[in-house]
Amino acid sequence: MSGTSTRPAEKSGTFKLGGDLPVHRLGYGAMQLTGPGIWGPPKDRAEAVRVLRRALELGVDFIDTADSYGPYVSEEIIAEALHPYAKGVVVATKAGLVRTGPNEWHPVGAPKYLRQQLEMSLRRLKLERIDLYQLHRIDPKVPVEESLGELKALQKEGKIRHIGLSEVSVEEIERARKVVDIVSVQNRYNLTDRVHEKVLDYCEKENLGFIPWFPLATGGLAKPGSTLDSVAKKHDATPAQIALSWLLARSPVMLPIPGTSSVKHLEENLAGAEVKLTKDELGAVDAQASGR
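Residues numbered from 1 in each chain as written. Predicted model: local features only at pLDDT ≥ 70, side-chain atom pairs only at ≥ 80, totals over all residues. Heavy atoms only, no water.

Asker: Honestly, the overall build of the chain in this entry has me stumped. Any pointers?
Answerer: Of regular secondary structure, the chain possesses 10 helices and 11 strands. For 292 residues, the compact-globule formula gives about 19 Å, and the C-alpha radius of gyration of the chain, at 18 Å, lands near that figure. Principal axes of the C-alpha set define a box for the chain whose edges measure 55 × 40 × 35 Å. Evaluated residue by residue, the chain yields a buried proportion of 55% over its 292 residues. Across the chain, contacts joining residues at least 24 apart in sequence account for 74% of those joining residues at least 6 apart. The positive charge centre, built from 39 side chains, and the negative charge centre, built from 38, are 1 Å apart in the chain. (Helix = DSSP H or I, 4+ residues; strand = E, 2+ residues; numbered from the N terminus. Rg over C-alpha atoms; globule rule 2.2 N^0.38 Å. Buried < 20%, exposed > 50% of the residue type's maximum accessible area, 1.4 Å probe, protein only. Contact = heavy atoms within 4.5 Å. Lys, Arg positive; Asp, Glu negative; His and termini not counted. Charge placed at Lys NZ, Arg CZ, Asp CG, Glu CD.)

Structure, rendered in structure tokens:
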């Protein structure tokens, strides 16, 4: 891409989490700063540190992680790379999924467990307060009122600024909001996977941040000669950059967090914020993805 800026993430616009916490809409997801299966340390820890520092140089001020990434590894690397944090940098983390091995995830929403994990995240991240603390999954064995009630108590204690949810339905968001203020929802969403379209529409209506994980998937849409491929070539961009541009255009509450363990790939992803698709291009890509 020609004519790129030195801080492309700033071109993604701004969203205020909870109405008072501004972040650039294009952030960075730190799940891939770990070993295979999101387990253990990364192959190249020095590169992981460089990725985080480069992200901030490129205008990113919203870093998303979780205690279960590693477990603990991602949070530790974030602190190593970025502490003391620059003014305006928001580190969001999560609790509620226990790891027992590579690619193994088990929901645990017991209040005592969530309190323990919050305290440990504060220590690892070297923070006195988590700006956005997300319930990673609702535990089917624990009433969500109990899980969120504990997070609300921690919020009152000044250890959490804002609370978010992950992988939830509209009904679950509404139930949660009866217990505590919710400012964001993190669900799987991308050009080819829009199961949570209703959740996104709800978030837009209620001005809740919508954080799509796995945001750059294009599946078979990027095959040579396809609409996505031709639009990408027209903009001298990659299909993933077009997918990211489409996401940013889809809703003003969209906060994509593409992740990578490579500085080169990071720079390529963030350049997607500078790709501005026309209305016709957005419609054509959308129609291809929808099979219309």
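Asker: Honestly, unusual backbone geometry in this entry has me stumped. Any pointers?
Answerer: Trans peptide bonds make up the majority, and among non-glycine residues the majority have a negative phi. Cis geometry marks the peptide bond from glycine 70 to proline 71; its omega dihedral reads -15°. The step from histidine 83 to proline 84 runs through a cis peptide bond, and the omega angle for that step is 0°. Mapped onto the elements of the fold, proline 84 is located in the loop between α2 (73-82) and β5 (90-95). Even without being glycine, isoleucine 38 reaches a positive phi, approximately 55°. Structurally, the position occupied by isoleucine 38 is in the loop between β3 (28-29) and α1 (45-57). Judged by relative accessible area, which is 13%, isoleucine 38 ranks as buried. Of note, tyrosine 72 is a non-glycine position whose phi angle comes to about 75°, a positive value. Among the structural elements, tyrosine 72 can be located in the loop between β4 (62-64) and α2.

Asker: What's the story with the packing of aromatic side chains in this structure? I'm lost.
Answerer: Where two aromatic rings form a pair, the distance of their centres and the angle of their planes describe that pair. Under the defined criterion, the tally for this structure stands at 3 aromatic pairs. Here tyrosine 69 and tryptophan 105 contribute two aromatic rings whose centre-to-centre distance is 6.3 Å and whose plane-to-plane angle is 80°, an arrangement assigned as edge-to-face. With tyrosine 69 in the loop between β4 and α2 and tryptophan 105 in the loop between β6 (97-98) and β7 (106-107), this residue pair connects regions lying 36 residues apart in the sequence. For tryptophan 105, a relative accessible area of 29% gives the class partly exposed. (Phe/Tyr/Trp six-rings, centres within 6.5 Å; stacked < 30°, edge-to-face > 60°.)

Asker: Is there a simple way to explain the environment of valine 183 in this structure?
Answerer: Locating valine 183 in the fold gives a position in the loop between α5 (170-177) and β10 (184-186). Each C-alpha atom of the pair valine 183 and glycine 96 lies 18 Å from the other, and the pair is 87 residues apart in sequence. Leaving out residues up to four positions away in the same chain, valine 183 has contacts with Leu17, Gly18, Leu132, His162, Ile163, Leu208 and Gly209.

Asker: Teacher, can you tell me more about the pairing of strand β2 (residues 21-24) here?
Answerer: In the case of a regular strand, side chains alternate between the two sheet surfaces. Note: strand β1 (residues 14-17) against β2, 4 bridges, orientation antiparallel. The residue of β2 that forms the bridge with leucine 17 is leucine 21. Linking β1 to β2, which pair antiparallel, is a turn of 3 residues; within it glycine 18 sits at a positive phi near 65°. (Pairing = 2+ DSSP bridges.)

Asker: Is there a simple way to explain the packing of α1 against α2 in this structure?
Answerer: In a pair of packed helices, the angle between the axes and the distance between the axes together describe the arrangement. Running from N to C, α1 and α2 point in directions that differ by 60°, and their axes come no closer than 9 Å. Classed by the angle they form, the pair α1 and α2 counts as oblique. Read as a crossing pair, α1 and α2 show a hand that is right-handed. For the pair α1 and α2, the contacting residues are Arg45, Ala48, Val49, Leu52, Arg53 and Leu56 in the first and Glu76, Ile77, Ile78, Glu80, Ala81 and Leu82 in the second. Its residues placed into classes, the contact of α1 with α2 shows 8 nonpolar, no polar and 4 charged. (Axes fitted to C-alpha atoms, helices over the stretch in contact; angles between N-to-C directions. Parallel < 35°, antiparallel > 145°, perpendicular 65-115°, else oblique. Left-handed = near helix turned anticlockwise from the far one by under 90°. Nonpolar A, V, L, I, M, F, W, Y, C, P; charged D, E, K, R; others polar.)

Asker: What should I look at first to understand the UniProt feature "domain: NADP-dependent oxidoreductase" (unreviewed entry) in the chain in this one?
Answerer: Within this structure's numbering, the places UniProt gives as "domain: NADP-dependent oxidoreductase" (unreviewed entry) are residues 25-287. The straight-line gap between the two end C-alpha atoms of residues 25-287 is 24 Å; of that span, 40% is helix and 13% is strand. (UniProt positions renumbered as here; feature names shortened; annotations may be inferred.)

Asker: It is not clear to me how the pairing of strand β9 (residues 160-166) should be interpreted in this structure. Could you clarify?
Answerer: The buried fraction of β9 is high, at 6 of 7 residues. In the sheet, strand β8 (residues 130-135) pairs with β9 via 5 bridges, with the strands oriented parallel. Within β9, the position partnered with glutamine 134 by the bridge is glycine 164. Note on the crossover from β8 through helix α4 (residues 144-156) to β9: the handedness is right-handed. Regarding topology, α5 serves as the crossover connection from β9 to the parallel β10, and that connection is right-handed. (Right-handed = clockwise from strand over helix to strand, strands pointing away.)

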